[in-house]
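If you want the building blocks of each chain, they are given just below.
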Amino acid sequence: RLGKGLKPGGLLREDSIEHTLRTVGKFRDMALKEGIDNIVVFGTHALRISKNPEDLIEKVRKELGLDVEVIPGDWEAHLTRVGVLLDFPKEERGEPAIIDIGGGSTEIIMGICTKSIPMGCVNLTETMIHADPPDKESLIRLHTRIRDHFIEEITFLNPGHKADCVGVGGTI
């Protein structure tokens, strides 16, 4: 995970940068093998909050020949929605609710309403869970934090509205 151990204004770890570089390289190679030569690389939460996003951006440019565009959370949510609707056309079942749980942020999308919340599986685990397996008290604190934060953030959702929910990302 690129954001492993990362706090806002902190530094990306060199091992995380190298791992991400190798992963982007593998995806680039798969795309080229399929005849895709217009490759776009987006940077999300970790690059938005780190002090040294250029360390990764420059390596990707120099070693892989690709540019990285760091995008805001609401644009990340919009692109997630576009991707989901390409696979799940809303004409079939209506507009789905979409959730994308990343390492450092979670995007929630309902129609054109989107919200990017700076709370993801990596940063929550690193700050809230201190044992493996987690103890009951840690899980209760984690559940309470997520519930309370999400209730504040997702006021645009209509609790009476029924919709399919589509989850995206490696956490779901």
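Reference entry: report on the structure contained in this document. (Residues numbered from 1 in each chain as written. Predicted model: local features only at pLDDT ≥ 70, side-chain atom pairs only at ≥ 80, totals over all residues. Heavy atoms only, no water.)

## Structural notes on the overall build of the protein
Check the secondary structure of the protein and you find seven helices and six strands. Going from N to C terminus, the protein has its helices and strands arranged as α-β-α-α-β-α-α-β-β-β-α-α-β. Its C-alpha atoms give the protein principal-axis dimensions of roughly 50 × 45 × 25 Å. Counting only residues that meet the buried cut, the protein has 35% of its 172 residues in that class. Excluding contacts between residues fewer than 6 apart, the proportion of contacts in the protein whose partners are at least 24 apart in sequence is 61%. With an accessible surface of roughly 10,800 Å², the protein has 57% of that area assigned to carbon and sulfur atoms. Side chains of the protein carry 22 positive and 28 negative charges; the gap between the two charge centres is 4 Å. (Helix = DSSP H or I, 4+ residues; strand = E, 2+ residues; numbered from the N terminus. Buried < 20%, exposed > 50% of the residue type's maximum accessible area, 1.4 Å probe, protein only. Contact = heavy atoms within 4.5 Å. Areas by Shrake-Rupley, 256 points an atom, 1.4 Å probe, with all protein chains shown as cover. Lys, Arg positive; Asp, Glu negative; His and termini not counted. Charge placed at Lys NZ, Arg CZ, Asp CG, Glu CD.)

## Comments concerning the pairing of strand S5 (residues 113-117)
Examined bridge by bridge, strand S4 (residues 106-110) and S5 share five bridges and lie antiparallel to one another. Within the sheet, the bridge partner assigned to Thr-106 lies in S5 and is Ile-117. Between S4 and S5, which pair antiparallel and follow one another directly, the connecting turn spans two residues, one of which, Gly-111, has a positive phi of 65 degrees. (Pairing = 2+ DSSP bridges.)

## Structural notes on the sheet that holds S4
One open sheet holds the four strands; their spatial order is S5-S4-S3-S6, and the pairing between them is mixed. Each having just a single partner strand, S5 and strand S6 (165-168) make up the two edges of the open sheet. Across the sheet, the mean angle separating the axes of adjacent strands is 15 degrees when strand polarity is ignored. As paired elements, strand S3 (residues 97-101) and S4 share five bridges and run antiparallel to each other. Bridging from a neighbouring strand, Ile-99 pairs with Ile-108 of S4. On top of the sheet, helix H4 (residues 73-87) reaches S3, S4, S5 and S6; it is set at about 55 degrees to S4, its chief contact. (Axes fitted to C-alpha atoms, helices over the stretch in contact; angles between N-to-C directions.)

## A look at a nonpolar patch on the surface
Nonpolar side chains collect at one region of the surface, where Val-40, Phe-42 and Trp-75 lie side by side and expose about 280 Å² of accessible area between them. According to the relative accessible area criterion, Trp-75 is partly exposed, its value standing at 38%. (Patch = residues over 30% accessible without salt bridge, like charges linked within 9 Å, V, L, I, M, F, W, Y side chains within 5 Å. Salt bridge = Lys/Arg side-chain N within 4 Å of Asp/Glu carboxyl O.)

## Quick look at the nonpolar core
Soluble globular proteins tend to pack their nonpolar side chains together in the buried interior. In terms of nonpolar packing, the biggest core is built from 15 residues, with Leu-2, Leu-12, Leu-47 and Val-60 touching the most fellow members. Counting residues per element, the ones that place at least two in this core are helix H1 (14-33), helix H2 (45-49) and helix H3 (53-64). Element by element, the count of residues in this core is highest for H3, at four residues. Counting nine residues, the second largest nonpolar core, distinct from the first, contains Ile-108, Ile-117, Leu-124 and Phe-150. (Core = buried A, V, L, I, M, F, W, Y, C linked by side-chain atoms within 4.5 Å.)

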